[in-house]
Amino acid sequence: MRTTVYLPFLLTGALVVLGRLGSGRLSPRIAAWTLVCCAAVVAASSAVAVAILASPTLARLPMVAHIGRWPVAAVATRSPVPPWLSLVAAVVVVGIVISVAGTAWHLAAQLHAGRSARRGFDRSAPSGLAMIDDPDPLAYALWAPDRRHHRVIVSTGMVRLLDPQERAAVLAHERSHLRHNHPMFVAVATLARAVHPLLGSTAVDLRYALERWADEDAATATSRPVAASALAKAGLATLGQHPAPMIEMALHGHAVPDRVAALLDEPPHHRPWAWALVATALVAAGACLWATHDTELFYEALRRS
Amino acid sequence: MVALWAADGAMTPAKVQAAMGGDLAYTTVMTILARLHEKGVIERTKAGRAFAYRPIVAEADVVAEHVRRLLDRGQDRTAVLQGLVDGLRPEEGATLRTLLARADAARAAAEQG
């Protein structure tokens with residue numbers, strides 16, 4: 001419990017750095033899967049580690065000590081965690097619980113809002129492609145847990161902007177988001193970020209990887225230059241629209257030009273980075289399990305004293 | 001449907017067939033349009049001997065409002081809705097124009113080769 005419990009926090013930092021470096025060098029599909037799974041594991045490990053650090057504070061409460069059948073005084077004297085640290089950890093645990101609960105509620109609200117939008121489409125667009133009359137070039141994938149309710153929403157502005165091949169590329173891009181359930185990836189990463197704010201950087205990397213994944217699917221359906229030109233045209237047409245860019249994408253840098261440039265090049269393949277990310281996550285999980293085991297032993301020993 | 005929406009007015013089956021690139025037979029296009037009309041997705045008016053079909057836009061405007069509300073709901077809207085392009089900065093325009101020229105060149109080369 002002494003040292004292993006601190007490992008997950010160090011490894012969160014390592015994951016963030018590795019994620020930023022590695023995501024541009026992996027194939028998008030592998031990058032996305034690796035980032036989301038590692039983020040989830042590291043977030044969970046960090047949460048458990050904080051709880052372990054907080055446990056002496058909780059264990060000292062007379063009611064808890066009574067349930068656990070260990071002497072209150074012994075916790076104070078024999079705990080390997082300094083009392084001030086344990087108190088800070090307890091506050092952090094409360095913060096994490098509130099943050100995760102709030103995020104989960106927010107995600108559920110979005111899902112519900114999506115459902116009412118989808119119901120509006122059910123009559124006018126039974127086939128899965130919905131058009132809205134809007135001069136702005138818009139193309140969205142509206143996701144739902146039931147596959148049959150997936151919709152691709154395209155504006156008349158977008159349709160007029162592109163030639164037939166480019167329209168096919170845009171459709172393929174949005175369908176890829178739906179087919180591979182990308183919004184689920186984003187939901188998991190958002191929850192991971194609720195546990196540990198640093199993982200917000202990993203969430204940005206993940207969103208970029210998901211867009212690249214859908215771009216690659218669009219390129220497969222049409223061709224790389226066609227997908228590139230569709231994306232470039234759509235990007236240029238939306239330049240005036242969003243004067244304040246979303247903070248997330250701004251953190252990543254020039255996302256759309258990067259994506260277009262990537263489509264004009266060959267896709268990357270280097271595998272070793274994926275294993276570095278996975279190894280980090282596994283070590284974090286392992287450290288967490290070890291620390292949990294140690295903690296159990298600690299409280300067992302307390303009970304017997 | 002996409003061909004109908006892209007047009008600015010009502011279209012006869014012949015025009016729809018042409019807009020779709022002539023991949024489908026005339027009778028197929030006619031059948032699809034008739035079925036869409038039965039479902040209430042498009043409306044038609046007589047134009048000479050054939051019908052001219054027009055998509056029912058009014059419904060879509062209501063839906064657009066739903067979508068707009070979804071989009072305006074703060075930063076993290078991508079649990080449900082993922083867009084093609086999000087938040088471009090003005091300085092990215094020049095880069096994009098250069099890249100678009102490259103893409104056009106690549107397409108032209110591919111079509112010739």
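Since we're looking at a predicted model, the values are computed, not measured. (Residues numbered from 1 in each chain as written. Chains lettered and ligands numbered in written order. Predicted model: local features only at pLDDT ≥ 70, side-chain atom pairs only at ≥ 80, totals over all residues. Heavy atoms only, no water.)

## Digging into the overall build of chain A
Moving on, step 1. Summing up its helical and strand segments, chain A has 13 helices and 3 strands in all.
Moving on, step 2. When the backbone C-alpha atoms are referred to their principal axes, chain A occupies close to 80 × 45 × 35 Å. (Helix = DSSP H or I, 4+ residues; strand = E, 2+ residues; numbered from the N terminus.)

## Some thoughts on the nonpolar core
Moving on, step 1. Within the largest apolar cluster, 37 residues are counted, with the highest numbers of intra-cluster contacts made by Val154 and Val260 of chain A together with Leu84 of chain B.
Moving on, step 2. The element contributing the most residues to this core is helix 10 (residues 224-237) of chain A, with 8 residues.
Moving on, step 3. Each residue touching leucine 84 of chain B, except ones within four places of it in the same chain, is listed here: Ala139, Met158, Val170, His173, Glu174, Glu211, Leu231, Ala234 and Arg259 of chain A.
Moving on, step 4. Core analysis: the next-biggest nonpolar cluster, separate from the first, contains 30 residues, Ala39, Val186, Ala189 and Ala274 of chain A among them. (Core = buried A, V, L, I, M, F, W, Y, C linked by side-chain atoms within 4.5 Å. Buried < 20%, exposed > 50% of the residue type's maximum accessible area, 1.4 Å probe, protein only. Contact = heavy atoms within 4.5 Å.)

## Looking at the confidence of the model for chain B
All names here are of chain B.
Moving on, step 1. The predicted model of chain B averages 71 in pLDDT, with 60% of residues at 70 or higher.
Moving on, step 2. Mean pLDDT values over the elements of chain B span from 56, in helix 4 (residues 57-71), up to 88, in helix 5 (residues 92-112).
Moving on, step 3. The ipTM for the predicted assembly is 0.74, set against a pTM of 0.78. (pLDDT = per-residue confidence, 0-100.)

## Quick notes on the packing of aromatic side chains
Moving on, step 1. Under the definition given, this model contains 2 aromatic pairs over all chains.
Moving on, step 2. Look at phenylalanine 185 of chain A and tryptophan 213 of chain A: their rings are 5.8 Å apart centre to centre, the planes differ by 85°, and that puts the pair in the edge-to-face class. One end of the pair, phenylalanine 185 of chain A, is in helix 8 (residues 182-195); the other, tryptophan 213 of chain A, is in helix 9 (residues 199-221), and 28 residues separate them in sequence. Like tryptophan 213 of chain A, phenylalanine 185 of chain A is buried.
Moving on, step 3. Connected via pairs of aromatic rings, a cluster forms that spans Trp33, Phe185 and Trp213 of chain A.
Moving on, step 4. Its guanidinium or amino end placed over the ring of phenylalanine 51 of chain B, lysine 46 of chain B lies 5.1 Å from that ring's centre, counting from NZ or CZ. (Phe/Tyr/Trp six-rings, centres within 6.5 Å; stacked < 30°, edge-to-face > 60°. Lys NZ or Arg CZ within 6 Å of the ring centre and 35° of its normal.)

## Let's talk about a nonpolar patch on the surface
All names here are of chain A.
Moving on, step 1. Taken together, the side chains of Trp84, Val88 and Val92 define a hydrophobic patch exposed on the protein surface, amounting to about 310 Å² of accessible area.
Moving on, step 2. Structurally, the position occupied by valine 92 is in helix 5 (residues 83-124).
Moving on, step 3. Classification of valine 92 as partly exposed rests on a relative accessible area of 36%. (Patch = residues over 30% accessible without salt bridge, like charges linked within 9 Å, V, L, I, M, F, W, Y side chains within 5 Å. Areas by Shrake-Rupley, 256 points an atom, 1.4 Å probe, with all protein chains shown as cover. Salt bridge = Lys/Arg side-chain N within 4 Å of Asp/Glu carboxyl O.)

## As for unusual backbone geometry
Residue and element names in this part refer to chain A.
Moving on, step 1. Notably, asparagine 181 is not glycine yet its phi reads approximately 55°, a positive angle.
Moving on, step 2. Looking at the element boundaries, asparagine 181 is found in the loop between helix 7 (164-179) and helix 8.
Moving on, step 3. Residue class for asparagine 181 comes out partly exposed when judged on its relative accessible area of 26%.

## Points about the side chain of aspartate 215 of chain A
Moving on, step 1. Looking at the element boundaries, aspartate 215 of chain A is found in helix 9.
Moving on, step 2. The residues touching aspartate 215 of chain A, leaving out its near neighbours within four places in the chain, are His173, Ala227, Leu231, Arg259 and Leu263 of chain A.

## Looking at the packing of helix 10 of chain A against helix 5 of chain B
Angle between the axes and distance between the axes: these two values describe a pair of packed helices.
Moving on, step 1. Following both chains from N to C, one finds helix 10 of chain A and helix 5 of chain B inclined at 150°, their axes separated by 9 Å at the closest point. The orientation of helix 10 of chain A relative to helix 5 of chain B falls into the category roughly antiparallel. As for the relative orientation of helix 10 of chain A and helix 5 of chain B, their crossing is left-handed in sense. Listed contacts from helix 5 of chain B to Pro225, Val226, Ala228, Ser229, Ala232, Lys233, Gly235 and Leu236 of chain A of helix 10 of chain A are Gly93, Leu96, Arg97, Leu100, Ala103, Asp104, Ala106 and Arg107 of chain B.
Moving on, step 2. Tallied by class, the residues present in the contact of helix 10 of chain A with helix 5 of chain B amount to 9 nonpolar, 3 polar and 4 charged. (Axes fitted to C-alpha atoms, helices over the stretch in contact; angles between N-to-C directions. Parallel < 35°, antiparallel > 145°, perpendicular 65-115°, else oblique. Left-handed = near helix turned anticlockwise from the far one by under 90°. Nonpolar A, V, L, I, M, F, W, Y, C, P; charged D, E, K, R; others polar.)

## Some words on helix 10 of chain A
Moving on, step 1. The terminal C-alpha atoms of helix 10 of chain A, which comprises 14 residues, lie 20 Å apart, in line with the 20 Å expected from a rise of 1.5 Å per residue.
Moving on, step 2. Summarising burial for helix 10 of chain A: 12 of the 14 residues are buried, a large majority.
Moving on, step 3. In the core, the buried residues of helix 10 of chain A are packed alongside helix 6 (156-161), helix 7, helix 9 and helix 12 (255-264) of chain A together with helix 5 of chain B. (Expected span 1.5 Å × (residues − 1).)

## Digging into the state of the cysteines
Residues and elements named next belong to chain A.
Moving on, step 1. Going through the model one piece at a time under the given rule, you end up with 0 disulfides over all chains.
Moving on, step 2. Here cysteine 37 is not disulfide-linked; the sulfur of cysteine 38 is the nearest cysteine sulfur, at 6.8 Å.
Moving on, step 3. Residue cysteine 38 is classed as buried on the basis of its relative accessible area of 4%. (Disulfide = S-S within 2.5 Å.)

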